[in-house]
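Now for the letters of each chain:
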Amino acid sequence: MKRLLTYLCALFFAVSAFAQGGEALSAKLGEYLASLERETLEVKEKECDFLISTCKDSLIRQEVALRIYDHYIGSKIMGDESVAIYIYDKWFAPGKVSFKTSLDGMNAKIFADFNRSSLIGKQAPEIVLRDLNDEKINPLKASEGRWKVFFFYDTSCATCKIESVLLKNLVQENKYPVDFYAIYTGDNEASWARYRATSLPTEGVIHLWDPSMESDFLRKYGILQTPGMFLIGPSGIIEGRKLDTAALQTLLDREFAPKEYEYASDESKALFDELFEGGISSPEEVVSVADYFASETLEKGDSLLFRHVSGDLLYYLSSQKGHASRKGTKLFIEKYILPFETDPEISSLAGLMYQLLSKCPEGEVVPSLSLHGELHRKPCLFRKGTKAGSFKLDKLGGKKSFIVFYTSGCGSCEEILSSVGGVVSQRGVNVLLVDMDELFSSYPQEAKAALDAFDLSSLPFIISLDGKGAVTDKYLDSLE
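Residues numbered from 1 in each chain as written. Predicted model: local features only at pLDDT ≥ 70, side-chain atom pairs only at ≥ 80, totals over all residues. Heavy atoms only, no water.

**Regarding empty space enclosed by the protein**
Next up, step 1: Applying the stated rule across the entire model yields 2 cavities of 30 Å³ or more.
Next up, step 2: Approximately 50 Å³ is the volume found for the largest cavity.
Next up, step 3: As for the largest cavity, its lining consists of Ala 290, Phe 293, Ala 294, Phe 306, Val 309, Ser 310, Leu 313, Phe 332 and Tyr 336.
Next up, step 4: For the lining of the largest cavity, the secondary structure elements donating two or more residues are α13 (283-296), α14 (303-318) and α15 (323-337).
Next up, step 5: Broken down by element, the lining of the largest cavity gets its largest block of residues, 4 residues, from α14. (1 Å grid on protein atoms, 1.4 Å probe; cavity = no way out; pocket = protein on both sides within 12 Å on 5 of 7 lines; lining within 4 Å. Points joined across faces, edges and corners; volume = space filled by probe spheres on them. Helix = DSSP H or I, 4+ residues; strand = E, 2+ residues; numbered from the N terminus.)

Here you go:
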């Protein structure tokens with residue numbers, strides 16, 4: 001689509017641009033270049049190459065190349081000047097396209113020579129300057145591995161004074177791990193001293209200058225006028241150039257804003273699979289693992305890492321089934337999630353899980369619901385072994401009862417169902433089987449009541465009752 005637009009633009013230029021006084025050329029070209037604003041520098045360079053090469057007439061090619069060059073020289077988008085330098089190097093410097101005057105060509109050469117070494121994405125040029133004690137210092141080496149800001153200014157520059165005040169406020173907030181270098185571009189020591197005292201921070205800034213211009217910093221950093229502000233990354237790569245203080249703060253906020261942690265990564269799952277090799281054997285094993293991580297993070301003052309690790313563990317436990325896992329999860333949430341500040345994502349998940357895990361608590365009488373199901377018990381002279389119908393859960397009788405919520409097509413459910421006969425052969429043991437598929441289709445109100453009373457997020461769900469209907473255990477893995 002983009003190449004089609006390029007071709008149509010070029011065709012339009014070749015046929016009618018000069019006939020309409022160049023206004024159509026300028027409008028269409030501006031429209032097209034605006035459509036490239038969000039593209040990468042590489043894409044912009046390729047599209048400009050294609051557009052210029054499409055113009056076979058030398059005058060039209062010159063007009064198009066000059067307008068593209070002027071667009072990127074004057075662009076307000078940080079980094080676009082590198083496209084202008086690319087066009088100069090590719091088309092103008094070799095003579096494929098010429099400037100209209102030798103003065104224009106000389107200015108373009110000066111701009112390219114003074115800016116090509118300090119473009120975004122390039123390694124910042126090394127410069128050796130002098131500090132307040134007249135000691136030589138290479139700021140790139142002195143702040144190796146740290147973020148750096150180079151602020152080039154002159155004491156007679158009105159814009160520099162405005163930016164100095166804004167920068168002073170930014171530095172005094174002291175919220176970024178950044179080294180600030182204020183670099184005076186002049187040679188008047190008295191003027192420099194007065195400016196430092198009135199316009200720049202007294203602390204948090206390293207003051208440098210090079211009155212003899214030995215470092216060639218003007219050319220290396222393209223300081224054709226002041227102010228000039230650069231943001232340089234820990235590895236020495238230029239991340240921002242020709243910035244004002246507002247743009248600098250935007251870049252710093254973006255870089256140092258808290259990164260959103262991605263929970264439940266493949267790496268964290270692999271770690272917990274290894275720690276719980278063979279499956280979770282007891283609730284205490286979950287707590288023991290959590291205790292270890294707390295001792296290595298929370299107790300050493302690293303609350304952020306503690307939040308991340310505990311969140312990963314919670315996500316891992318949410319996918320685990322079985323008696324030991326579910327009971328261990330509840331204990332873990334009570335000990336390490338609820339009492340501490342956590343990310344909203346983890347708080348929400350923990351709250352939902354804890355609500356489910358707290359349903360039908362052990363030691364209390366099972367909710368007094370009547371559900372349709374199939375009751376299995378040891379047959380005798382006066383009754384059959386199996387009976388279908390509606391049963392009140394707290395009145396199942398016997399010395400011990402199991403309630404099994406299941407669904408068809410579930411392998412684990414089938415395994416449990418096949419063991420019912422052996423269990424009820426014991427005297428006084430009852431097993432009530434509740435088919436959730438049947439409840440949803442035939443008795444929806446009962447299904448809703450069951451979901452409200454029990455954690456049926458994973459089936460089979462098995463609970464055991466004593467002779468009085470009190471819950472003795474839940475999340476059982478088998479009928480024991």
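**Notes on a nonpolar patch on the surface**
Next up, step 1: On the surface, Leu 103, Met 106, Ile 110 and Leu 224 cluster together to form a nonpolar patch covering roughly 370 Å² of accessible area.
Next up, step 2: In this structure, Leu 103 sits in helix α6 (residues 102-115). (Patch = residues over 30% accessible without salt bridge, like charges linked within 9 Å, V, L, I, M, F, W, Y side chains within 5 Å. Areas by Shrake-Rupley, 256 points an atom, 1.4 Å probe, with all protein chains shown as cover. Salt bridge = Lys/Arg side-chain N within 4 Å of Asp/Glu carboxyl O.)

**With respect to the layout of surface pockets**
Gaps between atoms show up when a probe of the same size as a water molecule is rolled over them.
Next up, step 1: What the largest pocket holds in volume is close to 760 Å³.
Next up, step 2: Taken together, 26 residues line the largest pocket, and the ones lying closest to its centre are Ser 75, Gln 225, Arg 241, Lys 242 and Leu 243.
Next up, step 3: Counting only elements with at least two residues in the lining of the largest pocket, the list comes to α4 (58-73), α6, α8 (158-173) and α11 (245-256).
Next up, step 4: For the lining of the largest pocket, the element with the most residues is α11, which contributes 4 residues.
Next up, step 5: Taken together, the residues that form the lining of the largest pocket break down as 10 nonpolar, 9 polar and 7 charged.
Next up, step 6: Taken as a whole, the second largest pocket spans an internal volume of roughly 270 Å³. (Nonpolar A, V, L, I, M, F, W, Y, C, P; charged D, E, K, R; others polar.)

This is a description of form; function is not addressed.
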